[in-house]
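Each chain, written out:
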Amino acid sequence: QVQLVESGGGLVQPGGSLRLSCAASGSIFIIYTMAWYRQAPGKQRELVALITGDGSTNYADSVKGRFTISRDNAKNTVYLQMNSLKPEDTAVYYCNANILPGGEGRRGTYWGQGTQVTVSS
């Protein structure tokens, strides 16, 4: 069974930085696109950044120039480096990955459990 586990959230002051990690585990054959989403209270979940299997990236306009997504394929892990954080970045951040499991599993989209990021003084 494939699982995604996030870590690295917490409380940070405006202007500060955090680095989120998300590790995929289980029977995995191929990991395609990996992404970070976030959901603030009372708002819909939104895409923050994504990275394809060949390393191409895309960012929401609100985080361009401040956030960087990267991946380590040897570790089945995706990262989100968040700099110059603002109060409006406060949300639960979710990891997402499109995975072809090993064995007879079917390709599908998997989600992590979420990690809270709070930006406040």
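Figured I'd write up the structure that's included with this text. The residue numbering used here restarts from 1 in each chain and proceeds along that chain's sequence as written. pLDDT decides what is reported in this predicted model: residues at 70 or higher carry local features, side-chain atom pairs at 80 or more are listed and counted, and totals for whole chains, interfaces and linings draw on all residues regardless. The side-chain values count all of the structure's non-hydrogen atoms but skip hydrogen atoms and water molecules.

Comments concerning the overall build of the protein
Selection rule: Every helix listed is a DSSP run of H or I at least four residues long, and every strand listed is a run of E at least two residues long, numbered separately from the N terminus. Atoms counted for the radius of gyration: C-alpha only. Globule rule: 2.2 Å times the number of residues to the power 0.38. Accessibility here uses a 1.4 Å probe with only protein chains present; expressed as a share of the type maximum, an area under 20% marks a residue as buried, one over 50% as exposed, and anything in between as partly exposed. It only takes one pair of heavy atoms within 4.5 Å for two residues to be counted as in contact. The protein chains shown are the only cover counted for residues, whose accessible areas, like all others here, come from Shrake-Rupley with a 1.4 Å probe. Counting rule for charge: Lys and Arg are taken as positive, Asp and Glu as negative, and neither His nor the chain ends is counted. A single reference atom marks each charge: NZ on Lys, CZ on Arg, CG on Asp, CD on Glu.
Regarding its fold elements, the protein presents zero helices and eleven strands. Whereas a compact globule of 121 residues would reach a radius of gyration of roughly 14 Å, the protein reaches 14 Å, a difference of no more than 12%. Here the C-alpha coordinates of the protein stretch approximately 50 × 25 × 25 Å along the principal axes. Across the 121 residues that make up the protein, the buried fraction comes to 40%. The long-range share in the protein, meaning contacts at least 24 apart out of those at least 6 apart in sequence, stands at 56%. Roughly 6,500 Å² of accessible area belongs to the protein as shown, and the carbon and sulfur atoms make up 46% of that amount. In the protein, 11 positive and 8 negative side-chain charges are present, and the distance between their average locations comes to 1 Å.

Description of the nonpolar core
The tendency in soluble globular proteins is for nonpolar side chains to be buried side by side. Condition: In this text, buried Ala, Val, Leu, Ile, Met, Phe, Trp, Tyr and Cys residues form a nonpolar core when linked through side-chain atoms within 4.5 Å.
Within the largest apolar cluster, 30 residues are counted, with the highest numbers of intra-cluster contacts made by W36, L80, M82 and Y93. When residues of this core are traced back to their parent elements, those giving at least two are β3 (18–25), β4 (28–39), β5 (46–51), β7 (67–72), β8 (77–82), β9 (91–101) and β11 (115–119). Look past the residues within four positions of L80 in its chain and what remains in contact with it is L18, R19, L20, W36, V48, A49, F67, T68, I69 and Y93.

Structural notes on the state of the cysteines
How we decide: Here, the term disulfide refers to a pair of cysteine sulfur atoms separated by no more than 2.5 Å.
One pass over the full model with this rule turns up one disulfide. The side chain of C22 participates in a disulfide bridge whose partner is C95; the two sulfur atoms lie 2.1 Å from each other. Looking along the S-S bond of the C22-C95 disulfide, the torsion reads about -80°, which is the left-handed sense. Of this pair, C22 sits in strand β3 while C95 sits in strand β9, and the two are 73 residues apart along the sequence. Overall, the relative accessible area of 0% leaves C95 in the buried class.

A short note on the pairing of strand β10 (residues 108–111)
Filter applied, for reference: When DSSP finds two or more bridges between a pair of strands, those strands are recorded as paired.
When β9 meets β10, the two strands line up antiparallel, connected through four bridges. Following the sheet pairing, N96 is matched in β10 by W111. Taken together, β9 and the strand that follows it, β10, pair antiparallel across an intervening segment of six residues, in which G103 is found at a positive phi of about 70°.

Examining the layout of surface pockets
To find the voids left in a structure, one rolls a probe of water-molecule size over its atoms. Condition: Both cavities and pockets are sets of points on a 1 Å grid over the protein atoms alone; in a cavity a 1.4 Å probe fits but cannot get out, in a pocket the set is open with protein on both sides within 12 Å along at least five of seven lines, and lining residues sit with an atom within 4 Å of a point. Grid points are joined across faces, edges and corners, and a volume is the space filled by probe spheres set on the points. Put simply, Ala, Val, Leu, Ile, Met, Phe, Trp, Tyr, Cys and Pro go in the nonpolar bin, Asp, Glu, Lys and Arg in the charged bin, and everything else, Gly too, in the polar bin.
The volume enclosed by the largest pocket comes to roughly 180 Å³. As for the largest pocket, its lining consists of 13 residues, of which R38, K43, E46, E88 and D89 are closest to the centre. Split into classes, the residues belonging to the lining of the largest pocket amount to two nonpolar, four polar and seven charged.

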